[in-house]
Amino acid sequence: MASTEDKAAKQESATGWKDSFYNPRTGEVLGRTGSSWALILLFYLVFYCFLAGMFALTMWVLLLTLDDYVPKYRDRVPYPGLVIRPNSLDLSFNKSDPLKYVQYVKHLESFLQRYNDSQQDKNDDCPPGEYFLQDDTEDMSKKACLFKRGFLSLCSGLSDTNFGYSEGKPCVLLKMNRIIGLKPRGDPYINCTVKRDTPIQMQYFPSEGRIDKKYFPYYGKKAHESYVQPLVAVELLLTKDDYNKELPVECRVEGSDLRNNDERDKFLGRVTFRVTVVE
Amino acid sequence: MGYGRSDSYRVATTQDKDDRSPKKKKGAKDMDDLKKEVPITEHKMSIEEVCRKYQTDIVQGLTNAKAAEYLIRDGPNALTPPPTTPEWVKFCRQLFGGFSVLLWTGAILCFLAYAIQAATEDDPAGDNVSIVLTAVVVITGCFSYFQEAKSSKIMESFKNMVPQQALVIREGEKVQINAEEVVGGDLVEVKGGDRIPADIRVVSAHGCKVDNSSLTGESEPQSRSPDCTHDNPLETRNIAFFSTNCVEGTARGIVICTGDNTVMGRIATLTSGLETGKTPIAKEIEHFIHIITGVAVFLGLTFFILAIVLGYSWLEAVIFLIGIIVANVPEGLLATVTVCLTLTAKRMAKKNCLVKNLEAVETLGSTSTICSDKTGTLTQNRMTVAHMWFDNQIHEADTTEDQSGASFDKSSITWISLARVAALCNRAQFKAGQDQLPILKRDVAGDASESALLKCIELSCGSVRAMRDRNKKVAEIPFNSTNKYQLSVHETEDLNDNRYLLVMKGAPERVLECCSTILVQGKEQPLDEELKEAFQNAYMELGGLGERVLGFCHVLLPEDQYPKGFAFDTDDVNFQTKDLCFVGLMSMIDPPRAAVPDAVGKCRSAGIKVIMVTGDHPITAKAIAKGVGIISEGNETVEDIAARLNIPVSQVNPRDAKACVCHGTDLKDLSQDQMDDILRNHTEIVFARTSPQQKLIIVEGCQRLGAIVAVTGDGVNDSPALKKADIGVAMGISGSDVSKQAADMILLDDNFASIVTGVEEGRLIFDNLKKSIAYTLTSNIPEITPFLLFIIVNIPLPLGTITILCIDLGTDMVPAISLAYEAAESDIMKRQPRNPFRDKLVNERLISIAYGQIVIVCLNPHALGGFFAYFVILAENGFLPTTLVGIRLNWDDRSCNDLEDTYGQQWTYEQRKIVEFTCHTAFFVSIVVVQWADVIICKTRRNSVFQQGMRNKILIFGLFEETALAAFLSYCPGMDVALRMYPLKPSWWFCAFPYSFLIFVYDEVRKLLIRRNPGGWVERETYY
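Residues numbered from 1 in each chain as written. Chains lettered and ligands numbered in written order. Predicted model: local features only at pLDDT ≥ 70, side-chain atom pairs only at ≥ 80, totals over all residues. Heavy atoms only, no water.

The name recorded for chain B in an unreviewed UniProt entry is Sodium/potassium-transporting ATPase subunit alpha, from Gasterosteus aculeatus aculeatus. The record in UniProt for chain B states the following under Subcellular location (unreviewed entry): "Cell membrane". The record in UniProt for chain B states the following under Function (unreviewed entry): "This is the catalytic component of the active enzyme, which catalyzes the hydrolysis of ATP coupled with the exchange of sodium and potassium ions across the plasma membrane. This action creates the electrochemical gradient of sodium and potassium ions, providing the energy for active transport of various nutrients." (UniProt positions renumbered as here; feature names shortened; annotations may be inferred.)

As annotated in an unreviewed UniProt entry, chain A carries the name Sodium/potassium-transporting ATPase subunit beta and comes from Gasterosteus aculeatus aculeatus. Its UniProt record gives chain A the following Sequence similarities (unreviewed entry) comment, quoted word for word: "Belongs to the X(+)/potassium ATPases subunit beta family." As recorded by UniProt, the Function (unreviewed entry) comment attached to chain A reads in full: "This is the non-catalytic component of the active enzyme, which catalyzes the hydrolysis of ATP coupled with the exchange of Na(+) and K(+) ions across the plasma membrane. The exact function of the beta-3 subunit is not known."

Written as structure tokens, this is what we have:
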């Protein structure tokens, strides 16, 4: 008795299951007739169009309130991060195998394209040691101070196209992140150390790793089209003893009010990278 | 969370599941069990045979050695408690039931992903999602466990912890021992007030009466004697049953059954062996969990595959999977449901409905049939004088509990005489020390009818004790079954009158036989045929009302024959017992409770069928049924129609009669179809003289017709039906332990009217749970859309896992719970009970409203509000929407620390992550803001908020609490580390306001349309 009941129930559920997709008797697809589907879809269409319109309207209002030149809030980026080029935190190469370091060299070369004389000659040679303020000018577009590749001397890639990589004395370029309106106080300079007992020789370009105040403040992408960030190059003058070892190098921005010891953000005003040169 | 009923019964039912016998056969099995209940044959044996069987002695009792031997053989004399589930199993059930499995999977996957990350990278992301998920599951599990434990603790208070004592005779000495140590063959002695320690074959008795009501439902105490009066052990006089009470007198007997072998034990075992279905709400919730789980797994896997296809690493894909599962599961919902049910249970407890099983709260609301016991539930369980016949007229006495009813003319001299007879010829008396209590509440020593008379006289004529003192009793013949009357002789009040007053009461026809005159308007008149016929009519009429009628007569004995100091001999009657003067009749009934007729009426208007199931006689049952409205005025039974038309019962079309009084013996011969026929075709049914198994059949019959059945009962005999019912309601005062054990709910005041308030609460909570779920689900669904956009459009993640949990378990909880306090929108007691097949807690419309919105991905007010806030924050910090699309890969790259925004600024990883988490916080706050409007919307399903008002204080508190919590999570120092939530600028709080307003207006319009066009398209498509 129970088994026949079960069977009947099973059959019913099977047809019910099929019917839920398409019911030939009522012409229902997924439980609705064509007109029912049309009505509900129309309803949702109107509903969603209205919502989309609402969203578009609020977004439009938002965009109206925004300034083209300066973001509304800059408090989330009070201090610049410090970044190195080549863009790798683990520089590892064989100094006698060009294939191993060619990527770094290429990267540096392409990065320095914007600092070529041909580009920088258009920029002003502003007086060093003071901010290059242009707030009072009527014109929205601002002038930029020139920073030539030549300032980087040995690490400019002009004299040594291999940036010292072939000699086992690699150059690393450091740059501070662009932040609109940032005016560092004091005399910021970059200082790198190797985290081990015996220090290694390093050479900074421009001298002492100074970052001149004349490159600040930054006025934003739109106003300050030809702006280039000041760079500092560090050449690690490695000796034979330093090869085949992993050297942890830490660089910091010193001598100014820029933060370089944030607990959480390991790239705020400082950067740590590793260098391994194989002979 | 526990979806079953009390777990203790689950285990017991497992054996039943093994044999998959068809239902009917199982019913038969139960019946067999019940029939096996009476293998007792000792009542037919002589006392010597019984002694021989148990190797005991009628005087000396068992020897101590023998008793010890038997105790080891048979075990202690106690009912085996129903097997209970160990606490840890209950706890694990909470921990791994429902959505927990999904969340556990999420937590484990998350942990694995983290472990792999930790193994492959030096500096793994400090991801605490798995810890949070685990904490969530454990905390909600613990919460539900303690909620359940709390409600089961209530039961423990009912357990009688005081060990019962029994007086046994062993080796000729009377010893008081623990009732558990009583063994078969023990000679025990019981006296009035004792509980019978085991099933006993009575060997000697002195005026012993026992109250078998908990076993058989008979409210009258039964006398016990050593003679076998009936073949059926339940009916015979010489057996007293375990756990019944000895009301008066003393008896001595031999123990024949102990513990589980007793009649009571067998019923208890049968009860715990009965299989019970899941409660309707448990089914609903299970249904809901299935839907949600299905959708979560489906969406999760779809996006897992999609992510792999889109070229994400499998690790990332797993994280998406977890995100989608977490977003999909309304983590807080089950806890909300539990809390809502608990709150209602508490509210019901205040109204004298104690709920043992949380889910029963709602079951009561969906009840469509109530099978109610009569005695004690519908009636006051107290014999009360209802009518009197004197002066050739029927007078109605006040039977209400608070004496608010109509009274009759008390000035008649006949009444004074009648009252005097009733007071004097009466052995009942008030127990001492109750003078300050109202008369009706006082305890009385004596049998039920005499107490009724005592109270009636005390109420209308003042102190009976004083009256008895004035009329000293000089002789008395107590009631016996051969005489069928009781008689006493008293001195008169008048000190100068030396005559004696003889008063008599008894069965009316017997009393009338003794009379030759009758008192009418204070004058004695000869009892002629006319008056005899009047008496006969009155007697018939009162009997027809189901009342117990007593006749009263008196006579002043002539002084010349019976001078002062006459020695009345009651054994060899030496005085006049003929030619007395008939005074009147008094009839008694256990009257209905005052609130019951109203409650029955409410049930009827609420579409609930009330069926009376009683062990009492059909006439009494019918009278009470008519009195309380179970058989409503103007409705007739087949018999009534036959009597009215003066035709045989067989000629009446049963369809014409809406009401039906069904006798237990008839029920026995009915087939299943006939039974269904009765239940289907009669709206007003009374079952009289029913046995426990018949109660069970009635309940099963109702359930077969698709009804959700509530059963009330107090006796052990009711417990199988209580258990079988969808909701068993036991009586708190008169109920036996076994019935309380089997029930889901206990009425603390034994009042039927409390059930009706229970039904009201149950219906309300169902409606309100719908609202809570709608509220929770509408905020739950938009939580998925951020993930979808994150994966498909490659924008930074708008809403994180932790913030999702903050919404589900933090801000949404109190408002969702507060909806449980919402008042009803319309009179919920004026509509039909919900159809469990059609009317779902979560119907497809709710699901389609909720999920329909993800079809066109994020276009829903909650998500839009959140996304708007998200875009506002990113844009105001420098990342315009155009820059965002496709930025995800660099955005989430830890080694990219100079990501350029729209304005040319460069961001370190940590800096932009702070912005991202600020966005999560803002998204979260936006959902809270839209939820403000949502909770106000969800307050009503049909009415406008302006009609409903904002009287729900808890809801207003919920709004503030939700906002305060959101502000706390955003602004509390340290939250940036703990939950990665960051302070928002005040203006960001307002981003979602337009959406909040929009959703409110939309829903008001929708409800307006529903109200304007009932049953229209809008209602069909959007009413949940």
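Colleague: Sorry if this is basic, but what is going on with the overall build of chain A here?
Modeller: The number of helices and strands found in chain A is four helices and ten strands. When its helices and strands are written in sequence order, chain A yields α-β-β-α-β-β-α-α-β-β-β-β-β-β. Relative to the compact-globule value of 19 Å for 279 residues, chain A shows a C-alpha radius of gyration of 31 Å, a clear excess of over 25%. When its C-alpha atoms are laid out on the principal axes, chain A stretches across 95 × 55 × 35 Å. Evaluated residue by residue, chain A yields a buried proportion of 43% over its 279 residues. Considering only intrachain contacts with a sequence separation of at least 6, the fraction spanning at least 24 residues in chain A is 73%. A total accessible area of about 15,100 Å² is found for chain A, and carbon and sulfur atoms account for 55% of it. The average position of the 38 basic charges and that of the 38 acidic charges among the side chains of chain A differ by 3 Å. (Helix = DSSP H or I, 4+ residues; strand = E, 2+ residues; numbered from the N terminus. Rg over C-alpha atoms; globule rule 2.2 N^0.38 Å. Buried < 20%, exposed > 50% of the residue type's maximum accessible area, 1.4 Å probe, protein only. Contact = heavy atoms within 4.5 Å. Areas by Shrake-Rupley, 256 points an atom, 1.4 Å probe, with all protein chains shown as cover. Lys, Arg positive; Asp, Glu negative; His and termini not counted. Charge placed at Lys NZ, Arg CZ, Asp CG, Glu CD.)

Colleague: Quick question: what am I supposed to make of the state of the cysteines here?
Modeller: When the sulfur atoms of two cysteines share a covalent bond, that bond is a disulfide. Residue and element names in this part refer to chain A. The final tally for this structure, using the stated rule, is three disulfides over all chains. A sulfur-sulfur distance of 1.7 Å marks the disulfide that ties Cys-126 to Cys-145. In this pair, Cys-126 is assigned in the loop between helix H4 (117–120) and strand S5 (171–176) and Cys-145 in the loop between H4 and S5, connecting sequence segments 19 residues apart. You'll find Cys-126 and Cys-145 in the same group, each marked buried. In chain A, the bonded cysteines, numbered by position in the sequence, are linked as 1-2, 3-4, 5-6. (Disulfide = S-S within 2.5 Å.)

Colleague: Any chance you could explain the interface of chain A and chain B here in plain terms?
Modeller: Quite often, the size of an interface is put as the accessible area lost when its parts meet. Taken together, the contact pairs 48 residues of chain A with 51 residues of chain B. Summed over both sides, the interface of chain A with chain B buries roughly 4,300 Å², with 61% coming from carbon and sulfur. Looking only at chain A, the three residues that lose the most surface to chain B are A:Tyr73, A:Arg76 and A:Arg264, adding up to 18% of its buried area. Taken together, the links from chain A to chain B amount to six salt bridges. At the boundary of chain A and chain B, one finds 17 residue pairs in polar contact (both at pLDDT 80 or more). When residues of the side of chain A that touches chain B are traced back to their parent elements, those giving at least two are helix H2 (34–65), strand S3 (82–85) and S5 of chain A. If you tally residues by element for the side of chain A that touches chain B, the top one is H2(A), at 15 residues. (Buried area = accessible area lost by both parts, 1.4 Å probe. Salt bridge = Lys/Arg side-chain N within 4 Å of Asp/Glu carboxyl O. Polar contact = N/O pair within 3.5 Å; in protein donor to acceptor, adjacent residues only side chain to side chain.)

Colleague: What's the story with helix H20 (residues 618–628) of chain B in this structure? I'm lost.
Modeller: Side chains that are three or four residues apart share a direction in an α-helix, a result of its 3.6 residues per turn. All names here are of chain B. The complete set of buried residues in H20 reads Thr-620, Ala-621, Lys-622, Ile-624, Ala-625 and Val-628. Residues of H20 that are buried sit in contact with strand S20 (580–589), helix H19 (596–605), strand S21 (609–613), helix H21 (638–645), strand S22 (659–663) and strand S23 (684–688). At the exit of H20 stands Gly-629, carrying a positive phi of roughly 90°.

Colleague: Hey, could you run me through the domain arrangement of chain A in this one?
Modeller: Per the domain assignment, the segments of chain A are domain 1 (4–64) and domain 2 (82–278). The straight-line distance from the C-alpha centre of domain 1 of chain A to that of domain 2 of chain A is 60 Å. (Domains from an automatic or database assignment.)

Colleague: Which parts of the structure should I look at to understand the pattern of salt bridges?
Modeller: Side-chain pairs of opposite charge can arise whenever the charged atoms involved come near each other. Here the structure, examined in full by the defined rule, presents 54 salt bridges over all chains. A salt bridge links A:Asp75 to B:Lys985, with the nearest nitrogen and oxygen atoms 2.5 Å apart. Residue A:Asp75 is found in the loop between H2 and S3, and its partner B:Lys985 is found in the loop between helix H38 (975–978) and helix H39 (993–1012); the two belong to separate chains. The class for A:Asp75 is partly exposed, based on a relative accessible area of 41%. Judged by relative accessible area, B:Lys985 falls into the partly exposed class, the value being 21%. When the shortest N-O distance is used, the salt bridge between A:Arg274 and A:Asp90 registers 3.6 Å. Of the two residues, A:Arg274 sits in strand S10 (residues 270–278) while A:Asp90 sits in strand S4 (residues 90–94), which places them 184 residues apart along the sequence. The network of salt bridges with common partners includes B:Arg888, B:Asp892, B:Lys913 and B:Glu916.

Colleague: Looking at this structure, I do not really get the sheet that holds S3(A). What am I missing?
Modeller: Sheet strands associate in pairs through backbone hydrogen bonding, adopting either a parallel or an antiparallel arrangement. All names here are of chain A. Here we have four strands laid out as an open sheet, ordered S3-S5-S8-S7, and antiparallel in their pairing. Looking along the sheet, the strands with just one partner apiece sit at the ends: S3 and strand S7 (201–205). Averaged over all pairs of adjacent strands, the angle between their axes in this sheet comes to 25°, without regard to strand direction. Strand direction decides the pairing type here: S3 and S5, joined by four bridges, are antiparallel. Within S5, the residue paired with Ile-84 across the bridge is Leu-174. (Pairing = 2+ DSSP bridges. Axes fitted to C-alpha atoms, helices over the stretch in contact; angles between N-to-C directions.)

Colleague: So what exactly am I meant to see when it comes to a negative patch on the surface here?
Modeller: A cluster of acidic residues, B:Asp528, B:Glu529, B:Glu530 and B:Glu533, forms a negative patch on the protein surface. Residue class for B:Glu533 comes out exposed when judged on its relative accessible area of 53%. (Patch = residues over 30% accessible without salt bridge, like charges linked within 9 Å, V, L, I, M, F, W, Y side chains within 5 Å.)

Colleague: Before we go on, may I ask you to explain the sheet that holds S4(A) in this structure?
Modeller: Residue and element names in this part refer to chain A. The four strands lie next to each other as S4-S10-S9-S6, forming an open sheet whose pairing is mixed. Of all strands in the sheet, those with a lone pairing partner are S4 and strand S6 (186–194), marking the two edges. The average angle at which neighbouring strand axes cross in this sheet is 20°, direction not considered. Alignment of strand S9 (residues 246–256) against S10, held across seven bridges, turns out to be antiparallel. Considered in S10, the bridge of Pro-248 is made with Arg-274.

Colleague: Even after reading the chapter, I still don't get the UniProt feature "transmembrane region" (unreviewed entry) in chain A, so can you show me in this structure?
Modeller: With numbering matched to this structure, UniProt assigns "transmembrane region" (unreviewed entry) to residues 37–66 of chain A. When the span residues 37–66 of chain A is considered, its composition is 97% helix and 0% strand, and the gap between its end C-alpha atoms is 43 Å.

Colleague: Please explain the pairing of strand S18 (residues 523–526) of chain B as it appears in this structure.
Modeller: Along any regular strand the residues' side chains alternate between the sheet's two faces. Residues and elements named next belong to chain B. Bridge analysis of strand S17 (residues 515–520) against S18 gives four bridges, and the strand direction is antiparallel. Of the residues in S18, the one forming a bridge with Ile-518 is Gln-525. The loop that links S17 with its antiparallel partner S18 comprises two residues; one of these, Gln-521, has a positive phi angle of about 50°.

Colleague: Help me out: how do you make sense of the environment of B:Cys340 in this one?
Modeller: All names here are of chain B. One can find Cys-340 in helix H12 (residues 333–350). Under the relative-accessibility criterion, Cys-340 is labelled buried at 1%. Ignoring any residue separated from it by four or fewer positions in sequence, one finds Cys-340 in contact with Ile-765, Leu-769, Ser-772, Ala-816, Ile-817 and Ala-820.

Colleague: Can you walk me through the packing of helix H27 (residues 752–780) of chain B against helix H35 (residues 909–938) of chain B in this structure?
Modeller: Helix-helix packing: each pair is described by the crossing angle between the helix axes and the interaxial distance. All names here are of chain B. Relative to each other, H27 and H35 sit at 155°, their axes nearing to 10 Å. Considering their axes alone, H27 and H35 lie roughly antiparallel with respect to each other. For the pair H27 and H35, the crossing hand works out as right-handed. Contacts from Lys-771, Ala-774, Tyr-775, Thr-778 and Ser-779 of H27 reach H35 at Ile-927, Gln-931, Asp-934, Val-935 and Cys-938. Here the contact of H27 with H35 is composed, by residue class, of five nonpolar, three polar and two charged. (Parallel < 35°, antiparallel > 145°, perpendicular 65-115°, else oblique. Left-handed = near helix turned anticlockwise from the far one by under 90°. Nonpolar A, V, L, I, M, F, W, Y, C, P; charged D, E, K, R; others polar.)

Colleague: What am I meant to see in the pairing of S4(A) here?
Modeller: Residues and elements named next belong to chain A. Alternating residues of S4 divide into Leu-91 and Phe-93, all buried, and Asp-90, Ser-92 and Asn-94, none buried. Where S4 meets S10, five bridges bridge the pair, whose relative direction is parallel. Within the sheet, the bridge partner assigned to Asp-90 lies in S10 and is Arg-274.

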